[in-house]
Amino acid sequence: PRGLIKTPAMCQLIYEKESAYNYIQVIREGEKTSLMLNEGHAIHSIYNPDQVLTGGPWDYWSVAPYFSKGFRPSDMKGMAMIGSAAGTAAHILTAAYGPVPVDGVEIDPEIVDVGRRYFALDTMPNVTTHEQDGRTFLQTDGKDKKWTVIGIDAYRQPYIPFHFTTKEFFQEVKDHLTPDGAVMINAGRTYNDTRLVDALANTMLQVYPNVYVIDVPTMANSMVVGTNQPSRIENFAENAAHVDQPILKQIFAASLQKGNIREVKPNPSTLVFTDDKAPVEEVIDQIILGYVNDAGK
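Residues numbered from 1 in each chain as written. Predicted model: local features only at pLDDT ≥ 70, side-chain atom pairs only at ≥ 80, totals over all residues. Heavy atoms only, no water.

Colleague: Pulling in residues and values, what's your account of the environment of Gln 206?
Modeller: Along the chain, the position of Gln 206 falls in the loop between α5 (195-204) and β10 (210-216). The spacing of Gln 206 and Lys 167 is 39 residues in sequence and 6.7 Å in space, taken between C-alpha atoms. With residues near it in sequence (within four places) discarded, Gln 206 still touches Lys 167 and Val 272. (Helix = DSSP H or I, 4+ residues; strand = E, 2+ residues; numbered from the N terminus. Contact = heavy atoms within 4.5 Å.)

Colleague: Provide a residue-level description of the sheet that holds strand β4 (residues 43-47), including the pertinent values.
Modeller: Across a sheet, strands are paired by hydrogen bonds formed along the backbone, either parallel or antiparallel in direction. Spatial ordering of the open sheet is given by β1-β2-β3-β4, a layout of 4 strands whose pairing is antiparallel. In this open sheet, the two strands that pair with only one neighbour each are β1 (12-18) and β4. Strand-to-strand twist in this sheet, taken as the mean axis angle between neighbours without regard to direction, amounts to 15°. (Pairing = 2+ DSSP bridges. Axes fitted to C-alpha atoms, helices over the stretch in contact; angles between N-to-C directions.)

Colleague: Please set out the side chain of His 130 residue by residue, giving values where relevant.
Modeller: Turning to its location among the elements, His 130 is positioned in strand β7 (residues 127-130). For His 130, a relative accessible area of 12% corresponds to the buried category. (Buried < 20%, exposed > 50% of the residue type's maximum accessible area, 1.4 Å probe, protein only.)

Colleague: With reference to specific residues and values, describe the packing of aromatic side chains.
Modeller: Counted according to the given criterion, the structure contains 10 aromatic pairs. Plain terms: the ring middles of Tyr 15 and Tyr 118 are 5.4 Å apart, the flat faces sit at 45° to each other, and that makes the pair tilted. You can see Tyr 15 sitting in strand β1 and its partner Tyr 118 sitting in helix α2 (residues 109-118), a full 103 residues away along the chain. Of the residues examined, Tyr 15 reaches a relative accessible area of 8% and is grouped as buried. Consider the rings of Phe 170 and Tyr 208, whose centres lie 6.3 Å apart with planes at 75°: the pair is edge-to-face. (Phe/Tyr/Trp six-rings, centres within 6.5 Å; stacked < 30°, edge-to-face > 60°.)

Colleague: Lay out the pairing of strand β9 (residues 177-188) with the relevant residues and their values.
Modeller: Burial of β9 is extensive: 9 of the 12 residues sit out of reach of the surface. With 5 bridges joining them, strand β8 (residues 147-152) and β9 adopt parallel strand pairing. Of the residues in β9, the one forming a bridge with Ile 150 is Val 183. Regarding topology, helix α4 (residues 167-174) serves as the crossover connection from β8 to the parallel β9, and that connection is right-handed. Pairing geometry for β9 and strand β11 (residues 221-227), over 7 bridges, is antiparallel. Residue pairing for β11: Met 184 is matched across the bridge by Val 225. (Right-handed = clockwise from strand over helix to strand, strands pointing away.)

Right, here's the structure in full:
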């Protein structure tokens, strides 16, 4: 009987399944549907037909390119979302920009099926979902494509697969960006420990001319942005001032007022992840242990 494997952490459980990759739960609270995976400590997708924005990391991919000088909404030509889950980022981008091409990349076919059944993934004809590993996609089906935004949100909570964190991977991503494009990766942190954010930013600085961080004010997440061409932190606010689209204006307001936006400079004492050595799990474990230790004091 449903519920004997794992009691839902909140709300109403409307679907559960164990796939080859994950234990999947779909929960509902009012009109909001959420996707929880495995231990259920994180929400991986949200869909609410009455409210586009989530207040979480999914909102921010839509504003990633605005560090480039003079970027306007009409310059948004498409997005690739590595770790697309049930399609939340695609819904927000489509609502903000219209039916620009979106390539979602999700390794778990069962999650894609859940997206179609419960998260209205099939209502966006501009979205193509590829059921494969994200780095493999860039080397195969996506090898000849370029996007304005490449988002990376491939978590097996709390870990990021190491091959999405390395200098070599970020070089592959850069090769798939338009000249005014940007990559943005979601990085976990605590309120006083940003080791993962710092390591990812320092690694990206080996490839991108400028790297920025926007903190998500409602969650322990930071969005790390690398621009394909040289850029300035001042461009973000300057470009935002020329945007009238209501959804984008809300994201800009959250970023500028509460996002602690900052540019990152190279730090020789900070880790650089490479394909030969990327101790991502060790860094994340240290963050978790530090958090537990602080909580016990």
